[in-house]
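This is what each chain is made of:
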Amino acid sequence: GGEVYVAFAFPAAGWNRPERVLPLDLLQCLIGQGRGAALYQSLKEQQGLCSSIGAGYPTHEAESLLVVTATCRPDQLSALREALLRELARLADSPPTAEEIERARRLLASAHRFSLETTGGLSSQIGYTFTVSGNLQYLERYLEDLEAVMAEQVRAAAAECFAPEIACSRMVEVAVGPDGAEGENRP
């Protein structure tokens, strides 16, 4: 029994390429935030390949990672990996729908507003933003700039991370689970 905890990490732009940060924020949100997210709907709800799935994009000063995390039975790991790579390749090929973009914008805008509601949250956001970007313009213009991101920019960001020729060679997979799991570290 027991489940495998797995992370699939893909190199992604950081603050060294600021024009990619918001499209990548939107991308991680539309693929991995909440029950309406693309990966949750496809891999969990429709295909039943995992019991949980999500995505994160911890933005750093230089190169960063876009990470998909999931839990699944050991015998599902190979099928989950293949289905995930197919879904991500689809996102690299075609821009998200207007509805997907709007959902992601709403979630990110709400999270942004919520993060500024307390003095601790505000000071944390100011410190983080200034440390990684060197200025506060990103924080000051976040909601306005978020509205300006187009679906094609999100697709282009997805292509940099998830195009098959890139994802297969640059993805790092780490799986932790019960004996017999086929988890592996891939270069």
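Everything below is about the structure shown above.
None of these values were measured; they are calculated from a predicted model.

## Examining the overall build of the chain
Part 1: Per the secondary structure count, the chain includes eight helices and four strands.
Part 2: For the chain, the sequential pattern of α-helices and β-strands runs β-α-α-β-β-α-α-α-α-α-α-β.
Part 3: For the chain, the C-alpha radius of gyration of 17 Å lies close to 16 Å, the compact-globule estimate for 187 residues.
Part 4: Across its three principal axes, the chain shows a C-alpha extent of roughly 50 × 35 × 30 Å.
Part 5: For the chain, with 187 residues in total, the buried portion stands at 45%.
Part 6: Pairs at least 24 apart in sequence give 74% of the contacts found in the chain among residues at least 6 apart.
Part 7: Of the accessible surface of the chain, which amounts to about 9300 Å², a share of 55% is contributed by carbon and sulfur atoms.

## Things to note about the packing of helix α4 (residues 98-115) against helix α6 (residues 137-148)
Part 1: Contact geometry for α4 and α6: axes closest at 10 Å, N-to-C directions at 170°. The angle between α4 and α6 places the two elements in the roughly antiparallel class. Together, Arg105, Leu108, Ala109, His112 and Arg113 of α4 and Leu139, Tyr142, Leu143, Leu146, Glu147 and Ala148 of α6 make up the contact between the two elements.

Criteria and cut-off values
Residues numbered from 1 in each chain as written. Predicted model: local features only at pLDDT ≥ 70, side-chain atom pairs only at ≥ 80, totals over all residues. Heavy atoms only, no water. Helix = DSSP H or I, 4+ residues; strand = E, 2+ residues; numbered from the N terminus. Rg over C-alpha atoms; globule rule 2.2 N^0.38 Å. Buried < 20%, exposed > 50% of the residue type's maximum accessible area, 1.4 Å probe, protein only. Contact = heavy atoms within 4.5 Å. Areas by Shrake-Rupley, 256 points an atom, 1.4 Å probe, with all protein chains shown as cover. Axes fitted to C-alpha atoms, helices over the stretch in contact; angles between N-to-C directions. Parallel < 35°, antiparallel > 145°, perpendicular 65-115°, else oblique.

Bear in mind that shape data such as this cannot, by itself, settle questions of function.
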